[in-house]
Amino acid sequence: MPLARSLSVTSLSGLEEWDEEFDVEDAVLFEIAWEVANKVGGIYTVIQTKARLTSEEWGENYFLVGPYVESNVRTQVELIEPTHPTLKRTIEKMNSSGCKVYFGRWLIEGSPYVILIDVGFTAWSLDTWKSELWDLCGIGVPWFDREANDAVLFGFLTAWLLGEYAAQCDEPPHIVAHFHEWLAGLGLVLCRQRQLSVATIFTTHATLLGRYLCAGNVDFYNKLSEFNLDKEAGDRQIYHRYCLERAAAHCAHVFTTVSQITAIEAEHLLKRKPDIVTPNGLNVKKFSAVHEFQNLHAQSKNRIQEFVRGHFYGHLDFNLDKCLFLFIAGRYEFSNKGADLFLESLARLNYLLRVNHSDVTVIAFFIMPARTNNFNVETLKGQAVRKQLWDTAQTVKERFGKKLYESLLVGQLPDVSKMLDKEDFTIMKRAIFATQRQCQPPICTHNMLEDSSDPILSCVRRIGLFNSSADRVKIIFHPEFLSSTSPLLPMDYEDFVRGCHLGVFPSYYEPWGYTPAECTVMGIPSVSTNLSGFGCFMEEHIADPSAYGIYILDRRFRGVDESCNQLTSFLFQFCKQSRRQRIIQRNRTERLSDLLDWRYLGRVLLQIPKDYFCSCKNFRMT
Amino acid sequence: MAHLTTAFVTLVTTDSYCVGATAVARSLRRHGTTRSIVVMVTPNVSEQSRVALRNAFDEVITVDAMDSGDRPRLSLLGRPELGITFTKIHCWTLTQFSKCVFLDADTLVLCNVDELFERDELSAAPDPGWPDCFNSGVFVFRPSLHTHACLLDHALRHGSFDGGDQGLLNSFFSSWPVADISKHLPFVYNISGNSVYSYLPAFQQFGHSAKIVHFTGAEKPWSSGYRRDDGRSHFMEHFASLWWKEYLSYSTSPPPGKHIRQDPEEPQGFHVMNSPSRLICYSPSSSWQSAADADTEQLEHRRRWEAGEADYLGRDAFRNIQKMLDCFLDSSSQ
């Protein structure tokens, strides 16, 4: 079933036709988040990638608002004079009242304007503002929670900024303020309390409580409606944060989340059903040649194969051309990210491949950073041995070539039996002896600090996948992010993903899930779950996702064992495909990338203010 | 009743200092002292103020002002108003008590400090400006008419090297820096409230264990000229706000029909307040009246939140917070 390359906009639920009547000219959009020009976690990626589309749409009237962090500003921001006269007055007024507000361009794609507020400079107001917060909402903020205190300062300062801006406008302004996450949420609450003429949007990318509850190994999704929220948050010492988050969700004109699964989570944990789901996109790279990504796959695959040759030296008893590379990557959250399920399925897959006498070998990479003290010797030695064999072959080739050349020069066909002399054989024999190995190829590329208690290694020991030659499934655990300067596997993450055959992300808790989305835009098939935002999104928008290389595991309505069987069957099916089938599948996968492009997904977000102003035309009058 | 022979003593020489003295008495009470709390007042303090002080103190004792008359030297310090603090040495005449702790009216007690009565005369904390001198804002002494006479004599003969009481007392108890280490009170018993510390890291390390804060300098937390400025550290702001909390928390008359909650350790017979008009006599601005509406209960409630002890299963449940949010959400939609 082919999919049209340009999807119709209306296929996204909740999105109406473009409203041309809306006049952006006199409207301004403030996008407010703690991670503007300040990388702390995943929100940074969302905001940074979305900025291009938003600034194309809003032009000079789009401002990102974040905290001023000197080290970030030095590397990512060009400070300039405010361009917009109203904003210039606003910033001058604030700076003369004891704030430090900076204005500049964020040096990313789209180079949007940023307003950066020095939160520490106004720390002397903390107690006054905390009292005000107390009087307004009855929420107190413990003095020992640094982040929450920053959230108070940031909240009051952003509300001040918006209020001052509205006051500086000559005409009643169209102001839209889009707040991300609880750290920025207080600004929204204050805008409503001060009755500023501002349309507010609150986006939560995950809920505070959800992350805590999932990590606590409770049967999260089946118990969603049963939690006593106040108690769970209070018992976990995050009650004040939870109150701030829920207050923002409650007060927002428009409340959004990034995926259906997070929408369900928010409905139960924040007690408000999101008005709109706004999936996160990517900036998709377009190649002029349609099959360019297939070539890149082949190139990167060769580099991974080289690494594998070194890693398995002395045990290269499998056919590398019939070898499939699977990988899982992300933060090291063993069960939240589904590494447990993946390992268990690999054990079952190993059994299936063996009893079916399959000639396919599966190599599963685990790219999850853990505490290590550098590479282990055996792994480094493997690469050195491979290099030596390569050099030896080059040397012999040189000598061989020279003799061949000489014999041709004198007009004779070479005598093949004399082409290699004794010395050549000695060199080669010595090189082969060096590849002898007593031990099994290592599982882990690094020396782990907590080797005996490490969850992945413990699990590997339990299921007994030790890279022996009888095993059809081999495991390589790389407990560090990939880097192109690594002596072991010198590739960056993007190249590595391109070289693999399948990404496996059987997460239990994954509000959005950039990893499978990144696979998709590079044309690499992936496994995700119906508990991840990405999985839900694909399930919703594609009739038969697995035909496009998007395998979606059911972890929501099935037990662990059943999910495990399902994953095993996905993997086994994948192993049975021919090379040709895999190429066709990759082509199909890559076609989905338009669906994940901000140019497409961002429209949902861009539509919100327009809908909002259209639906409350009286908004300004009152 | 044995405890009543010991007392905390403070001194008020102008109406404006009554505010400070009241905060001293209240902070002592709130932290459950078992000792008497007395205030010495000079005759120029108004009768209304004395009435107010009687509500906060066990005893209000009138003493004669004793100005050192040493204006030239006092003006060296830029503090001509200090002369009146010579009156301080009158505290040695309070012989109805066996031992006393003197607290300046510009101090604030942050926890129970009754252990000070285990010290002997003359115990005091070093002055941050010259640590070989003690600061006379907090000191332990034994009332004695003999000592009082000697001090007067010393004052008349040698004067005071800084023109104030601190110079006099330091030259009189000149062995303090070298003699007996047990007479050196730890600095936390007299942390100078508004000086900018040259040793900020130590202050950040130990400042939180402060027991008594001393708002030295001409501007007091209650004076209108007292402003937040960059020179003062964040911690100092914190102390100033504590002073306000202490002051405001007890400045409300209970609403009709509602009993004010008394500290369990408060001595019987002590009434926190019964004269709402009392405030007016030393309130520099009427805005205090509205601020004074915040009652103890509220402050304690907020304090519990800020200690991470919100009553999330009871009154702090989110539905109650949501009600507050809905108040302003509803009013804006109308």
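Please read all numbers here as calculations on a predicted model, not as lab measurements.

## Observations regarding the overall build of chain B
On a plain count of helices and strands, chain B comes out with 10 helices and nine strands. Counting across all 334 residues of chain B, residues that qualify as buried make up 50%. The long-range share in chain B, meaning contacts at least 24 apart out of those at least 6 apart in sequence, stands at 69%. Looking at chain B as shown, the accessible area adds up to about 15,700 Å², and 56% of this sits on carbon and sulfur atoms.

## Topic: the pairing of strand β17 (residues 550-553) of chain A
Residues and elements named next belong to chain A. Neither face of β17 is exposed, since I550 and I552 on one face and Y551 and L553 on the opposite face are all buried. By the bridge criterion, four bridges tie strand β16 (residues 526-529) to β17 in an arrangement that is parallel. Paired with V527 across the strands is Y551, a residue of β17. Remark: the β16/helix α20 (residues 533-541)/β17 crossover connection has right-handed handedness.

## A closer look at the confidence of the model for chain A
All names here are of chain A. Per-residue confidence for chain A averages 87 on the pLDDT scale, and 94% of its residues sit at or above 70. Segment residues 1-21: pLDDT under 50, and 38 contacts once partners within four positions in sequence are set aside and those in other chains are kept. pLDDT under 50 marks residues 617-622. Its contacts with residues more than four places away, or in other chains, come to eight contacts.

## Considering the interface of chain A and chain B
With 35 residues of chain A at the interface, the matching set in chain B holds 25 residues. By the criterion of area lost to chain B, the three top residues of chain A are W134(A), Y239(A) and H250(A), representing 24% of everything that side buries. On inspection of chain A and its partner chain B, the count reaches zero salt bridges. Connecting chain A to chain B are eight residue pairs in polar contact (both at pLDDT 80 or more). Partitioning the side of chain A that touches chain B into residue classes produces 16 nonpolar, 11 polar and eight charged.

## Points about the sheet that holds strand β8 (residues 254-257) of chain A
Residues and elements named next belong to chain A. Pairing within the open sheet is mixed, and its nine strands lie in the order β3-β4-β5-β2-β1-β6-β7-β8-β9. Pairing within the sheet leaves two strands with one partner each, and these edge strands are β3 (77-79) and β9 (276-277). With three bridges joining them, β3 and strand β4 (residues 101-106) adopt antiparallel strand pairing. By the bridge assignment for β4, V77 is matched with W106.

## A closer look at the environment of L502(A)
All names here are of chain A. Tracing the backbone through its elements, the reader meets L502 in strand β15 (residues 502-504). It is 8.7 Å that separates the C-alpha atoms of L502 and F574, two residues lying 72 residues apart in sequence. Dropping the residues within four chain positions of it, L502 is found in contact with F325, L326, F327, I524, P525, S526, V527, Y551, L571 and F574.

## Here's the deal with the state of the cysteines
Residue and element names in this part refer to chain B. Summed over the entire model, instances satisfying the criterion amount to zero disulfides over all chains. Counting only cysteine sulfurs, C100 is the nearest neighbor of C91, a cysteine outside any disulfide, at a range of 7.4 Å. Take C91: its relative accessible area is 0%, and that puts it in the buried class.

## So, the environment of K245(B)
Of note, K245(B) is situated in helix α7 (residues 234-249). In this structure, the C-alpha to C-alpha distance between K245(B) and A23(B), residues 222 residues apart in sequence, is 9.5 Å.

## Brief notes about the pattern of salt bridges
Applying the stated criterion across every chain yields a total of 41 salt bridges over all chains. Each of R399(A), K403(A), D421(A), E423(A) and D424(A) takes part in salt bridges that share partners, so that together they form one network.

## Some details on the packing of helix α13 (residues 339-355) of chain A against helix α17 (residues 455-463) of chain A
All names here are of chain A. In contact at an axis separation of 10 Å, α13 and α17 are set at 25° when each is read in the N-to-C sense. Our classification of the angle between α13 and α17 gives roughly parallel. At the point where α13 passes α17, the crossing takes the right-handed sense. Taking contact as the criterion, the partners of L343, E344 and A347 in α13 are, on α17, I456, C459, V460, R462 and I463. For the contact of α13 with α17, the class distribution of residues is six nonpolar, no polar and two charged.

Parameters and conventions
Residues numbered from 1 in each chain as written. Chains lettered and ligands numbered in written order. Predicted model: local features only at pLDDT ≥ 70, side-chain atom pairs only at ≥ 80, totals over all residues. Heavy atoms only, no water. Helix = DSSP H or I, 4+ residues; strand = E, 2+ residues; numbered from the N terminus. Buried < 20%, exposed > 50% of the residue type's maximum accessible area, 1.4 Å probe, protein only. Contact = heavy atoms within 4.5 Å. Areas by Shrake-Rupley, 256 points an atom, 1.4 Å probe, with all protein chains shown as cover. Pairing = 2+ DSSP bridges. Right-handed = clockwise from strand over helix to strand, strands pointing away. pLDDT = per-residue confidence, 0-100. Buried area = accessible area lost by both parts, 1.4 Å probe. Salt bridge = Lys/Arg side-chain N within 4 Å of Asp/Glu carboxyl O. Polar contact = N/O pair within 3.5 Å; in protein donor to acceptor, adjacent residues only side chain to side chain. Nonpolar A, V, L, I, M, F, W, Y, C, P; charged D, E, K, R; others polar. Disulfide = S-S within 2.5 Å. Axes fitted to C-alpha atoms, helices over the stretch in contact; angles between N-to-C directions. Parallel < 35°, antiparallel > 145°, perpendicular 65-115°, else oblique. Left-handed = near helix turned anticlockwise from the far one by under 90°.

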